[in-house]
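So you can see what is in the structure, the chains are spelled out below.
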There are 2 protein chains.
Amino acid sequence: MSKKRIITVSREFGSGGHTVAKLIADKLGYACYDKELVERIAKESGFDEAFVRERGEYASASNSFLFALVAGSSGGFSVSDQIYIAQNNVIKELAAKEPCVIVGRCADYILRDRDDCLHTFFHADKDFRARHIVEKYGERSDSIEKRIKDKDDRRKAYYKHYTGRNWGDVQNYHISLDTSVLGFEQCAEIVANAIKNQK
Amino acid sequence: MSKKRIITVSREFGSGGHTVAKLIADKLGYACYDKELVERIAKESGFDEAFVRERGEYASASNSFLFALVAGSSGGFSVSDQIYIAQNNVIKELAAKEPCVIVGRCADYILRDRDDCLHTFFHADKDFRARHIVEKYGERSDSIEKRIKDKDDRRKAYYKHYTGRNWGDVQNYHISLDTSVLGFEQCAEIVANAIKNQK
């Protein structure tokens, strides 16, 4: 087995996975690709950053069948497909270049054939996520429960459409942790140690 | 949130979850209920230990619909139901009594309403599991791939029937680890530290 040198971070909306990813990268002295990943995909695909951020992880409809219809309706490659292809290229290039932490965007699937990746998943209980989302993004007119459910459904549909896998299936990750029980710092420590402790 | 003092260990067949559970218990000075759990359930239900070991985690058929037919066919409580009720009682009693590690038998679901449980899941890649199973239980006439698939399918069906949940859904566990990448010792250390690091 190759030594793990790339860490993919998948995370539930509101679980603090972004914060944990940054902490892991800091502990290891690795680059962390999250916002910068979006910038690169935007550049590669020609689409706007905000659009890439939204459409590079979320289905436009929460139903995967409906999404497939929308995503595939333009004859050739749909907008979603074009973004997916760009992020596929960018993520593969980054992984080939240097040890790093890559957040979201199906990186666990895109890099599935590389033996040097440690795939991680962060989740949290609903109350924790609700508090974290309101703290980070503020209140909105629709209920927090609805916002969480909508994001979860659309992320699941997106992931299923492009990977054929089920989002949050434990077998897809080497380490899956509940941030609401373990805390961000301990989660990051566990992953950083898994990299450091390799023989 | 209460301090976690009970650890449930769910595991794929061949992942070494039993070994990890023992290591966790040793590190914490906790009792580990695995073989002894089967003995207690056998005593409570009146069934033989070998029968409880087999039927307390595995559906008799790999199809959950067929299993439901078989399990529910005797009018009142089926044999499977009687074992499930006994293990439900024994697991709840153990958890109420003292800090401990409880292996398998839907303990994560049975104790879901207790706030003082840390739910863990151990899995591994197929090659690792195959080697581990042959080392531990020896070769048999049927292929190792078939043995793994059969065990997985029957455990999934059992879990679905009695809990309504999907086996290996990441949200059911606070810590899920791949033993083939992290090693038994590191897996145990992560869980023991999660208990020790609580404030």
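Placed above this text is the structure.
Given the structure is predicted, the values throughout are model-derived calculations rather than measurements. (Residues numbered from 1 in each chain as written. Chains lettered and ligands numbered in written order. Predicted model: local features only at pLDDT ≥ 70, side-chain atom pairs only at ≥ 80, totals over all residues. Heavy atoms only, no water.)

**Q** Any chance you could explain the pattern of salt bridges here in plain terms?
**A** Any two side chains of opposite charge can pair, so long as their charged atoms come close to each other. Counted under the stated rule, the structure contains 32 salt bridges over all chains. As a salt-bridge pair, Glu36 of chain B and Arg40 of chain B come within 3.1 Å of each other at their nearest N and O atoms. Note that Glu36 of chain B and Arg40 of chain B are positioned in helix H2 (residues 35-45) at a spacing of four residues, about one turn of the helix. Overall, Glu36 of chain B belongs to the partly exposed group, its relative accessible area being 35%. Of the charged contacts in the structure, one is a salt bridge between Arg129 of chain B and Asp152 of chain B, with a shortest N-O distance of 2.7 Å. Of this pair, Arg129 of chain B sits in helix H7 (residues 126-137) while Asp152 of chain B sits in helix H8 (residues 144-163), and the two are 23 residues apart along the sequence. Just as Arg129 of chain B is buried, Asp152 of chain B falls in that class too. Several salt bridges share partner residues, and in doing so they unite Arg5, Arg114 and Asp116 of chain A into one network. (Salt bridge = Lys/Arg side-chain N within 4 Å of Asp/Glu carboxyl O. Helix = DSSP H or I, 4+ residues; strand = E, 2+ residues; numbered from the N terminus. Buried < 20%, exposed > 50% of the residue type's maximum accessible area, 1.4 Å probe, protein only.)

**Q** Whenever I open this one, helix H8 (residues 144-163) of chain A confuses me. Can you help?
**A** For an α-helix, 3.6 residues make a turn, and residues three or four places apart therefore share a direction. All names here are of chain A. Compared with an ideal rise of 1.5 Å per residue, which puts 20 residues at 28 Å, H8 spans 28 Å between its outermost C-alpha atoms and is within 8% of the ideal. Among all positions of H8, only Ile144, Arg147, Ile148, Lys151, Asp152, Arg154, Arg155, Ala157, Tyr158, Tyr159, Tyr162 and Thr163 are buried. The positive-phi residue at the C-terminal boundary of H8 is Gly164, with phi of around 75 degrees. (Expected span 1.5 Å × (residues − 1).)

**Q** Where do I start with the relation of the copies chain A and chain B in this structure?
**A** For the pair of chain copies, the relating transformation is a rotation about an axis with a translation along it. For these two chains of identical sequence, chain A goes onto chain B by a turn of 180 degrees and a shift of 0.0 Å along the axis, with RMSD 0.0 Å. Here the symmetry operator amounts to a two-fold rotation axis. Counting the interface residues of chain A, we find that 100% of their copies in chain B are interface residues as well, pointing to one common contact surface. (Least-squares fit on C-alpha atoms with pLDDT ≥ 70 in both. Contact = heavy atoms within 4.5 Å.)

**Q** Would you mind going over the interface of chain A and chain B with me for this structure?
**A** Interface size is often expressed as the accessible area that is lost when the parts come together. Listed by partner, the interface residues are 24 residues for chain A and 24 residues for chain B. In total, chain A and chain B occlude about 1800 Å² of area from one another, counting both sides; carbon and sulfur atoms represent 61% of this. If you sort the residues of chain A by the area they bury against chain B, Val170, His174 and Val181 of chain A come out on top, with a joint share of 27%. Joining chain A to chain B, the criterion identifies zero salt bridges. Our count for the contact surface shared by chain A and chain B stands at 13 residue pairs in polar contact (both at pLDDT 80 or more). Counting residues per element, the ones that place at least two in the side of chain A that touches chain B are strand S4 (117-123), strand S5 (175-178), helix H9 (179-182) and helix H10 (184-196) of chain A. Classifying every residue of the side of chain A that touches chain B by side-chain character gives 11 nonpolar, nine polar and four charged. Across three bridges, the pairing between S5 of chain A and strand S5 (residues 175-178) of chain B is antiparallel. From the neighbouring strand, Ile175 of chain A faces S5 of chain B, where its bridge partner is Leu177 of chain B. (Buried area = accessible area lost by both parts, 1.4 Å probe. Polar contact = N/O pair within 3.5 Å; in protein donor to acceptor, adjacent residues only side chain to side chain. Nonpolar A, V, L, I, M, F, W, Y, C, P; charged D, E, K, R; others polar. Pairing = 2+ DSSP bridges.)

**Q** Which parts of the structure should I look at to understand the sheet that holds strand S3 (residues 100-103) of chain B?
**A** Think of a sheet as strands paired side by side through backbone hydrogen bonds, with each pair either parallel or antiparallel. Across the sheet, which stays open at both edges, the 10 strands sit in the order S2(A)-S3(A)-S1(A)-S4(A)-S5(A)-S5(B)-S4(B)-S1(B)-S3(B)-S2(B) with mixed pairing between neighbours. The open sheet terminates on both sides in strands that have one partner only, identified here as strand S2 (31-33) of chain A together with strand S2 (31-33) of chain B. The average angle at which neighbouring strand axes cross in this sheet is 20 degrees, direction not considered. Looking at chain direction, strand S1 (residues 6-11) of chain B and S3 of chain B are connected through four bridges and run parallel. Its bridge partner lying in S3 of chain B, Ile7 of chain B is registered against Val101 of chain B. The strands that helix H5 (residues 79-97) of chain B touches are S1, S2 and S3 of chain B; relative to S3 of chain B, the one it contacts most, it runs at about 160 degrees. (Axes fitted to C-alpha atoms, helices over the stretch in contact; angles between N-to-C directions.)

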